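# Overview (structure and organization)
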Amino acid sequence: MIASALALLLMQVGPDPTQGSFPGIPEELRDRPQRESVAAPPATLPSSGGKLAECVTLATENASAASDMAQTWRETAANQLELAQSAHCLGLALVRLDDFDGAQRAFDLATDEVPDGAPAYRARLAAMSGNAAMAQGKPAIAEIAFARASRFAAASADAPLTASIAVDRARALVALDRREEAAAELAQARASDPANGRAWLLSATLSRRLDRLGEAREQIAQAALLAPQDPAVGLEAGVIAALSGREDDARRSFESVLQVAPQSPEATRARSYLEQLAT
């Protein structure tokens with residue numbers, strides 16, 4: 001029973017690792033980022049951020065008006081920082097208009113225009129460029145942007161930012177089938193910010209796909225400590241347990257997904273896995 005259940009589970013979890021464009025790659029790492037991940041403003045804006053905050057709000061309500069605002073702002077910018085922020089504003093508006101190519105170029109322009117002394121802001125802008133490239137299905141370009149963002153983040157000494165960008169870069173590397181480099185980026189993310197639950201979850205998923213179940217078990221256990229109510233963590237814990245031959249643990253993990261998020265996509269998959277384990 002165990003052998004047949006695991007065979008079915010392997011078929012359900014992912015493609016044959018010898019086939020496809022992204023062999024054995026977890027969908028959490030390869031999927032196109034949500035629009036918010038591209039457009040999110042910096043956690044803290046530099047001085048003169050009031051106008052940028054106004055633009056961010058406007059972009060969510062009327063992207064065309066925000067684009068016009070950005071263009072006008074560039075013509076009247078008082079200093080280098082405002083030039084960067086106006087390009088940032090333009091990028092946000094273009095994301096909302098689904099013009100990811102234009103947004104990427106705007107974020108690149110903004111990155112170049114940030115004055116010295118604001119490496120964290122520059123890192124966030126470069127990461128936005130990378131996410132815009134990912135949204136276009138251009139992981140090679142995205143990886144270059146994320147590598148650039150990583151250098152700026154290191155200069156800022158902002159550990160959570162460094163970790164977040166390392167996770168982004170890992171996504172691009174996975175899409176390029178450079179899985180060992182992706183694993184190294186995720187390791188850097190965990191080291192930079194041990195409280196980054198997403199880094200631990202994606203590390204566990206990638207380790208599983210690389211058939212490193214021992215590492216995957218340790219990583220998903222840490223993810224569960226950091227995000228015990230995350231259905232994605234419960235689902236991954238169940239998959240890892242099943243592939244490790246621990247069916248009872250797998251059932252408990254899948255059942256926990258049904259309890260914490262019964263209407264979620266993870267719950268749908270958990271129900272499927274539970275049916276497989278029952279056969």
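For the structure, see preceding data.
Summarised in this report is the structure supplied together with it. Bear in mind that the values here come from a model prediction, so they are computed numbers and not experimental data.

## With respect to the overall build of the protein
Across its full length, the protein holds 16 helices and 0 strands. Each of the 279 residues in the protein was classed as buried or not, and the buried ones make up 49%. With an accessible surface of roughly 12,400 Å², the protein has 52% of that area assigned to carbon and sulfur atoms.

## Re the state of the cysteines
In the structure shown here, the tally under the stated rule is 1 disulfide. The residue that forms a disulfide with C55 is C89, at a sulfur-sulfur distance of 1.8 Å. Every disulfide takes its handedness from the sign of the S-S torsion; for C55 and C89 that torsion is 80°, giving right-handed. Highlighted residues: C55 in helix α4 (residues 49-61) and C89 in helix α6 (residues 80-96), separated in sequence by 34 residues.

## Here we look at the packing of helix α10 (residues 159-175) against helix α11 (residues 179-192)
At a closest axis distance of 8 Å, the pairing of α10 and α11 adopts a crossing angle of 165°. By the criterion of interaxial angle, the relationship of α10 to α11 is roughly antiparallel. When you trace α10 past α11, the crossing you get is left-handed. Facing A159, T162, A163, A166, V167, R169, A170, L173 and V174 of α10, the residues of α11 in contact are E181, A182, E185, L186, Q188, A189 and S192. Looking at side-chain class alone, the contact of α10 with α11 contains 10 nonpolar, 3 polar and 3 charged residues.

## Re the nonpolar core
In terms of nonpolar packing, the biggest core is built from 27 residues, with L52, C89, F107, Y121 and L125 touching the most fellow members. Sorting the residues of this core by element identifies α4, α5 (63-76), α6, α7 (100-113) and α8 (119-135) as the ones contributing at least two each. The element contributing the most residues to this core is α6, with 9 residues. Setting aside chain neighbours within four positions, we find C89 in contact with L52, C55, A66, A70 and W73. With 14 residues, the next largest nonpolar core counts A127, M134, A153 and L161 among its residues.

## Here's the deal with α11
If you check α11, its first and last C-alpha atoms are 20 Å apart, about what 14 residues at 1.5 Å a residue would give, namely 20 Å. Of all the positions in α11, only A182, E185, L186, A189 and R190 are classed as buried. For α11, the angular spread of buried residues about the axis comes to 145°, placing them on one side. As for α11, its buried residues are in contact with α10, α12 (197-209) and α13 (213-226).

About the criteria used
- Residues numbered from 1 in each chain as written.
- Predicted model: local features only at pLDDT ≥ 70, side-chain atom pairs only at ≥ 80, totals over all residues.
- Heavy atoms only, no water.
- Helix = DSSP H or I, 4+ residues; strand = E, 2+ residues; numbered from the N terminus.
- Buried < 20%, exposed > 50% of the residue type's maximum accessible area, 1.4 Å probe, protein only.
- Areas by Shrake-Rupley, 256 points an atom, 1.4 Å probe, with all protein chains shown as cover.
- Disulfide = S-S within 2.5 Å.
- Axes fitted to C-alpha atoms, helices over the stretch in contact; angles between N-to-C directions.
- Parallel < 35°, antiparallel > 145°, perpendicular 65-115°, else oblique.
- Left-handed = near helix turned anticlockwise from the far one by under 90°.
- Contact = heavy atoms within 4.5 Å.
- Nonpolar A, V, L, I, M, F, W, Y, C, P; charged D, E, K, R; others polar.
- Core = buried A, V, L, I, M, F, W, Y, C linked by side-chain atoms within 4.5 Å.
- Expected span 1.5 Å × (residues − 1).
- Arc of directions from axis to C-beta.

What is shown is where atoms sit, not what they do.
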